[in-house]
Amino acid sequence: MSEFFSLSDCDVIGFDLDHTLCRYRLKETSRLIYESFARYLVEHKGYDRDLLNLTPATWDFCFKGLVVDLEDGNIVKLAEDGTVLRATHGTNNLSTEEIIKHYGPQREWKHFDSLNTSFTRSAKYYFYDNYFDLPGALLCGKVVDMLHKRGNEVNSDFWKDMVAAIDHNYNTSAFKEDAGTYFPSIKKDPGRYLQPCSDSVKTWLRSMKTAGKVLLLITSSHSDYCRLVCEYILGKDFEELFDVIITNALKPGFFSLVPQQRPFRTLVNDVEEAEGLPSLDKPGWYSQGNWPHLRELLKTMTGKPEPKSLAENERDEAWVINELREIHMGMMSSSVWFVCELCVQEQGMKSPSAVSDQWGSYFVDVHRSGGGDEEHQKLTWCCHCIHTYSTMAIPSVEHIAGLPLDYKFPRFSPEKPCTIGYYPRPPDSVLKRCEDLS
């Protein structure tokens, strides 16, 4: 395998709408998502209205890469080997001694092997790595605090209400029916929550099509929401930028081969046709679907038996695709937006992957032994997944939109320092760790 990766080597370039092309206004969107979930719990499930009261400092808790242990209400941050680096019960920090009491002298989280090998959802834990539910980590912590205040036992029952809140706001009919809080707010004032793509990104997309690349837009959002977002960030002619658009894809299951593949469906006025398609025979806009059928279409479109593809995805999708051994992964997503380590703030609110006073860095953290006398730095599990399942990592497409297609990006590799693979530069904490080890 070459030490470098170039877009010119790719026949197909895929984009996730929600994590790459669409840039959300962090302060407003995070508040909207939190409020949409919390309001449902208050108005439909009888939770305390105090859940709706937040201070600017509260948002420091809202940190990407946390795992909620649904059995005991603890929220943990994991090292690459499953060690619990930090933990809270509700929103309250656990001390080193309390962490050892919960997880033993080695501080091992018992569900790590399941999370690390399957990346699937579980009835016992939930991993927060998606911007559309990330503020739910803060809400989970506050709900556990509220249960303690009431004198109630903390168990996984509260999660049923959280799932109901997510479904109420995000189900595929919510946009059309103006249900919940999230979609009605976005429809009323998209400019409050969305940032248009720069002209350089639009020019870059057109240049790749001119160069003969097949451009794919894939999203788990339904078609009506996708259209609103794309028209705002890319313009009314956004469909001309892509050869294939797939909505309601429900990744990462879209890329899975088992247990059952969902067929592609055509859309009429944003309504899915009842009859699924046996295969794809031409470019266009489709709903649902699966990777094997899409792969056959891409073979036809490129005229190659094994077209080389670049896709961008979140952590769980990256792992699934890496297992297929067919797609080069580039994490063109804000989940590795390393400039946030400089603690850039937006009117008092940090980016979810910024350094947190409570949770530290998204990439590296200090591991303390019992007694606190010995400490050393460890890569977080999130950082490990980026290095393991991605080809490269960039903060946003704006950073590469001005580069020539044959620009050579250094790849992540176990044989190279862990700083190699980030463009245009490594996160500060990763760089410092490498310097300290050398």
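In this report, we go over the structure that sits alongside the text. (Residues numbered from 1 in each chain as written. Predicted model: local features only at pLDDT ≥ 70, side-chain atom pairs only at ≥ 80, totals over all residues. Heavy atoms only, no water.)

1. Some words on the pattern of salt bridges
Tallied over the entire structure, the rule returns 18 salt bridges. For K45, the salt bridge goes to D161, with nearest N and O atoms at 3.9 Å. Placement of K45 in helix α2 (residues 26-45) and of D161 in helix α6 (residues 157-170) is noted, with a sequence separation of 116 residues between them. What makes K45 partly exposed here is its relative accessible area of 38%. Each of E35, R39 and E43 takes part in one network of salt bridges that share partners. (Salt bridge = Lys/Arg side-chain N within 4 Å of Asp/Glu carboxyl O. Helix = DSSP H or I, 4+ residues; strand = E, 2+ residues; numbered from the N terminus. Buried < 20%, exposed > 50% of the residue type's maximum accessible area, 1.4 Å probe, protein only.)

2. Things to note about the environment of L379
Within the secondary structure, L379 sits in strand β21 (residues 375-379). Sequence spacing of L379 and L85 is 294 residues, and the spatial spacing of their C-alpha atoms is 10.0 Å. Leaving out residues up to four positions away in the same chain, L379 has contacts with A79, E80, F363, V364, H387 and R433. (Contact = heavy atoms within 4.5 Å.)

3. A word on the packing of α2 against helix α5 (residues 135-150)
Two elements in contact, α2 and α5, have axes separated by 9 Å at closest approach and are oriented at 40°. Overall, the two elements α2 and α5 adopt an arrangement that is oblique. Like other packed secondary-structure pairs, α2 and α5 cross with a definite hand, here right-handed. Of the residues in α5, those in contact with S30, I33, Y34, F37, A38 and L41 of α2 are P135, G136, L138, L139, K142 and V143. Across the contact of α2 with α5, the residue classes tally to nine nonpolar, two polar and one charged. (Axes fitted to C-alpha atoms, helices over the stretch in contact; angles between N-to-C directions. Parallel < 35°, antiparallel > 145°, perpendicular 65-115°, else oblique. Left-handed = near helix turned anticlockwise from the far one by under 90°. Nonpolar A, V, L, I, M, F, W, Y, C, P; charged D, E, K, R; others polar.)

4. As for the packing of aromatic side chains
In total, this model carries 26 aromatic pairs according to the counting rule given. Note that K187 overlies the ring of F175, its terminal NZ or CZ placed 4.5 Å from the centroid. (Phe/Tyr/Trp six-rings, centres within 6.5 Å; stacked < 30°, edge-to-face > 60°. Lys NZ or Arg CZ within 6 Å of the ring centre and 35° of its normal.)

5. Looking at unusual backbone geometry
A cis amide bond links Y423 to the next residue, P424, at an omega of 5°. Here P424 is to be found in the loop between β23 (409-410) and α14 (428-437). If you check the backbone angles, N269 has positive phi at about 55° while not being a glycine. Positionally, N269 belongs in the loop between β13 (267-268) and β14 (271-272). Even without glycine at this site, D270 takes up a positive phi of about 65°. Summarising the element assignment, D270 is placed in the loop between β13 and β14. Given the relative accessible area of 23%, D270 is considered partly exposed.

Keep in mind these values describe shape, not function.
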